[in-house]
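Read off the chains here:
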Amino acid sequence: MKIVGIDLGTSNCCISYIHDNGKMEIIRDSNYDNFITMPSIVNIEANAVLVGHEVDKNHINYNKNIFHSFKRLIGHNLNDIYTTNLKEILNYDISMCNNEIVCYDDSQHMHRIPDLIFLLLRKIKTLIDEHLKDEKWECIVTVPAYFNEKQKKITMESINMAQLPIKRLLNEPTAASYAYLYHNNVLHEQEFNKKILVIDYGAGTFDLTILEIEKDNEDIDSMYCEVLGIYGDNNFGGIDIT
């Protein structure tokens with residue numbers, strides 16, 4: 001059983017897994033120059049739905065049928081400061097419906113955020129199946145450390161719609177810490193106690209997270225990770241300064 005990691009990012013998604021020999025491999029889209037990431041954008045037209053590299057990003061600023069940055073809208077209200085600032089960079093209209101933000105295309109058709117994320121995840125699932133072929137797999141999907149239960153529930157709704165075999169959600173800084181420990185061979189130590197500062201400068205936010213990770217025997221399942229503190233700016237991602 002392969003465990004696949006999915007980074008569902010604001011501007012790009014990335015998929016990877018570890019071979020039995022311990023080597024990590026990124027699953028690439030062979031139809032688009034083997035890019036290591038897939039743009040988190042969806043283009044919904046009357047006769048087609050385009051996702052990721054299929055979308056012409058040159059049209060993103062004036063085509064209201066192209067949706068981007070919608071991950072930043074998960075679980076927010078229309079009138080909070082965060083959303084008010086975000087509306088300045090969106091090329092499509094948004095409003096509230098049934099206590100959630102919804103998006104509108106050029107024909108004023110409504111699209112829910114979970115539905116847009118589902119389209120991304122469906123494409124990701126196709127790439128994984130094409131790469132792993134008949135191998136069985138489960139996935140771990142990373143989410144921001146500041147995601148509350150409502151935001152995680154919305155993410156899980158999209159995951160279930162896409163019928164992804166989900167093992168668990170994992171905080172992004174925790175995933176980054178595990179990756180650091182793995183690539184530096186720390187995970188194989190019999191015991192350790194480390195505090196790690198994770199600086200995550202993503203497309204949507206700038207986050208600092210301090211974690212404490214402990215392991216008291218050779219069994220990797222004995223490892224314990226606690227988030228000690230989170231600080232960041234939800235309006236200071238790469239999108240906001242480019």
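Everything numeric here is computed off the predicted structure, so don't read it as measured data.

1. Section: the nonpolar core
No. 1: Counting 43 residues, the largest nonpolar core has Val 4, Ile 6, Phe 70, Leu 73 and Ile 128 as the members making the most contacts within it.
No. 2: Those elements giving two or more residues to this core turn out to be β1 (2–8), β2 (12–18), β5 (42–44), β9 (100–104), α2 (113–132), β11 (137–143) and α3 (149–161).
No. 3: Looking at this core, the element that brings in the most residues is α2, giving 11 residues.
No. 4: Excluding residues that lie within four positions of it along the chain, Val 4 makes contacts with Ile 15, Ser 16, Tyr 17, Ile 128, Leu 132, Trp 137, Glu 138, Cys 139 and Ile 140.

2. So, unusual backbone geometry
No. 1: In this structure, Asn 99 is a non-glycine residue whose phi angle is positive, near 65°.
No. 2: Structurally, the position occupied by Asn 99 is in the loop between β8 (93–97) and β9.
No. 3: Classification of Asn 99 by relative accessible area gives exposed; the value is 65%.
No. 4: Here the phi dihedral of Gln 163 falls at roughly 55°; this positive angle occurs in a residue that is not glycine.

3. Overview of the packing of aromatic side chains
In this description, a pair of aromatic rings is defined by centroid distance and the angle of the planes.
No. 1: Counted according to the given criterion, the structure contains 3 aromatic pairs.
No. 2: Look at Tyr 201 and Phe 206: their rings are 5.4 Å apart centre to centre, the planes differ by 80°, and that puts the pair in the edge-to-face class.
No. 3: Judged by relative accessible area, which is 39%, Tyr 201 ranks as partly exposed.

4. Some thoughts on the sheet that holds β8
No. 1: Spatially, 3 strands are ordered β8-β9-β10 in an open sheet, and the strand pairing comes out antiparallel. Across the chains shown, the open sheet's two edge strands, defined by having one partner strand only, are β8 and β10 (110–112). This sheet shows a mean twist of 40° between the axes of neighbouring strands, independent of strand direction.
No. 2: Pairing between β8 and β9: 5 bridges, direction antiparallel. Looking across to β9, one finds that Met 96 is bridged to Ile 101.
No. 3: Where α2 meets the sheet, its contacts fall on β9 and β10, and the angle it forms with β10 comes to roughly 70°.

The rules behind these values
Residues numbered from 1 in each chain as written. Predicted model: local features only at pLDDT ≥ 70, side-chain atom pairs only at ≥ 80, totals over all residues. Heavy atoms only, no water. Core = buried A, V, L, I, M, F, W, Y, C linked by side-chain atoms within 4.5 Å. Buried < 20%, exposed > 50% of the residue type's maximum accessible area, 1.4 Å probe, protein only. Helix = DSSP H or I, 4+ residues; strand = E, 2+ residues; numbered from the N terminus. Contact = heavy atoms within 4.5 Å. Phe/Tyr/Trp six-rings, centres within 6.5 Å; stacked < 30°, edge-to-face > 60°. Pairing = 2+ DSSP bridges. Axes fitted to C-alpha atoms, helices over the stretch in contact; angles between N-to-C directions.

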